[in-house]
Amino acid sequence: MIDRQMVESPDQNQLNLKSFWYGDWAFPIFVAFISAGIFAGTHMYYTFHVGAFNDVAIVAMLAAGMKGGGYGAAAAFGASFLFARILEGSLVGILDIGGSIQTGIGIGIPALMLGAGITAPVQSFPLALITGALLGLITGYIIIGIRKFTVGQSDSTFGADIMMGAGNTSGRFLGPLIILSACTASIPVGVGSVIGAAIFYAWKKPIAGGAILGAMILGAFFPIPIPPIVK
Amino acid sequence: MHFLEILFESIIIGALVGFAVGAGAARMFHAPTVQGMGAFRTLGELNACAGDAASHFSFGLGFFFNAWASVVGAGAFTQDVDHRIIPNWSAAVLLRKGKRPEDTLHDPKKMAIAGAIIGAIVVAFLNSTAAAIPKSLQDVAIQVLVPAANLLINPVMPVIFWLAALDAGKRSGLWGTIFGGAAHLIMGNAVPGVVLGILIGKGVDEAGWSKVTKILLTSVILLFVLSGFFRGFDVNLVKGFHMGIPGWLAELHKMMGLEVKK
């Protein structure tokens, strides 16, 4: 495989395709590094409620499980993303770390573990690093394995562009949704989020950030009355 | 005490992630010859400001504020830390004094080292400042964010993905609808099903019913059958149609440690 490509693309022959930095064999090591870090990030979220490497919407699924709402949604969502991205990543040559590592290994697999009652890898920092690294190694080797068998057999990108487009569109929904839910929470918080979003928009920043900050600033002075806990 | 623990763990996490993100981003420029990692949008954005350190820096900065707000509010970094902030800031550091992208941004070794340093700093900063924010302030953000996030997960995201599948052609629309519906029934969220539907539909559109697409379809069906079984969907399905649960099915569930309620 490697040899064939070196013959085919002579302009790339200054790249040493067998070296650590460019070779296929090193790819699982890179995936192990990032997976260790991201899995440990989920550990930090589980223990300190900061540091999960993902969007609020996706982390919220894990949080729902932590609050007793069941891990099913997070597990199914994360595991299917991991599966889809591994296939796509090996076929197109670029592994999407958002879907595979951040959502799959960072959210899906911890949710599977927690759902099954296995808490140790998520509770302990060293164990989280080791678990993440192992999962990353496995993922990396699967990708290199699929690559060996399929590259050249298929030209399809498997609709990656469509999914990315849809993913970006959904991200845009978050800003207005935050303002809507802030306005439902209380009048001062709603006003804060509207002003924050407007300022961020004027600064050409994503309005979600401004809406959250505005809601928090006003919420600090005019706390939201604690709603009765509805289960 | 907690603060030091958070700082210590953050530095390790940030360096690990940054190292891999940096190397993966540089490797993307040599894909598909070299297996890269990152995202198509990251590659596009890096290309869009390639060569100009200031553009890379300000692009990252915009997302940095967003990530900061998100981590302070809900403890979640957003995916942009890995997709945008680390790659772009690493590029900005390497490209200062007008160096060529070919010698810096496209070099996995240089990007990995820059990424590790930037990653450690960014993650440590985000986590330690978020942890220093009073709990009451975080509560406000969570009370606002959680309902918004729930709305996004259901029904906004399923609908957007579904419409994208319908617009992407007959096969994607059909498979997306079938698997989307099944996913909502079995997993409670249609998105993974629609995504897999697009994957299959587009795969067949572009490559035909090859070995790869056949394996793909089989594994997707297997994924649904297995997750349906383990979530007890089969039993509920039978019950929903007012039929009796066959003894062997109840036994099978029992064997897996799942008690079936009659």
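Cut-offs and rules
Residue numbers here run from 1 along each chain, matching the order of that chain's written sequence. Chains carry letters and ligands carry numbers; both start at the beginning, A for chains and 1 for ligands, and go up in the order they are written. Local features in this predicted model are restricted to residues whose pLDDT is 70 or higher, and side-chain atom pairs enter the listing and the counts only when it is 80 or higher, whereas totals over whole chains, interfaces and linings include all residues. Put simply, DSSP H or I for four residues or longer makes a helix, DSSP E for two residues or longer makes a strand, and each gets a number counted from the N terminus. Partly exposed residues are those falling between the two cut-offs: more than 12 but fewer than 20 other C-beta atoms within 10 Å of their own, whereas 20 or more means buried and 12 or fewer means exposed, with C-beta atoms placed from the backbone. In this description, a residue-residue contact is defined by the distance between C-beta atoms placed from the backbone, which must lie within 7 Å. Our radius of gyration looks at C-alpha atoms and nothing else; its globule reference is 2.2 Å times the residue count to the power 0.38. Residues are sorted three ways: Asp, Glu, Lys and Arg are charged, Ala, Val, Leu, Ile, Met, Phe, Trp, Tyr, Cys and Pro are nonpolar, and all the rest, Gly among them, are polar. Two strands qualify as a pair provided that DSSP identifies no fewer than 2 bridges between them. Domain extents, as shown, originate in an automatic or database domain assignment.

I keep staring at the overall build of chain A and nothing clicks. Help me out?
Looking only at helices and strands, chain A features 10 helices and one strand. Each of the 231 residues in chain A was classed as buried or not, and the buried ones make up 55%. Counting only contacts in chain A whose residues sit at least 6 apart along the sequence, the fraction spanning at least 24 positions is 63%.

Explanation requested: the overall build of chain B in the structure shown.
On a plain count of helices and strands, chain B comes out with 11 helices and one strand. Ordered by position from the N terminus, the helices and strands of chain B form the series α-β-α-α-α-α-α-α-α-α-α-α. For chain B, the C-alpha radius of gyration of 23 Å lies well beyond 18 Å, the compact-globule estimate for 262 residues. Relative to its 262 residues, chain B shows a buried fraction of 52%.

Please clarify how the interface of chain A and chain B should be interpreted in this entry.
How big an interface is tends to be reported as the loss of accessible area on association of its parts. If you look at the interface, chain A gives 91 residues, while chain B gives 89 residues. Per-element accounting of the side of chain A that touches chain B gives the leading share, 15 residues, to helix H8 (residues 160-185) of chain A. Residues belonging to the side of chain A that touches chain B are distributed by class as follows: 60 nonpolar, 25 polar and six charged. Two elements, strand S1 (residues 94-96) of chain A and strand S1 (residues 36-38) of chain B, share three bridges in a ladder whose sense is parallel. For Ile94 of chain A, the partnering residue across the bridge sits in S1 of chain B and is Gly36 of chain B.

Looking at this model, I keep getting lost on the domain arrangement of chain B. Mind explaining?
Its domain assignment divides chain B into domain 1 (2-133) and domain 2 (152-231). Spacing between the C-alpha centres of domain 1 of chain B and domain 2 of chain B amounts to 32 Å.

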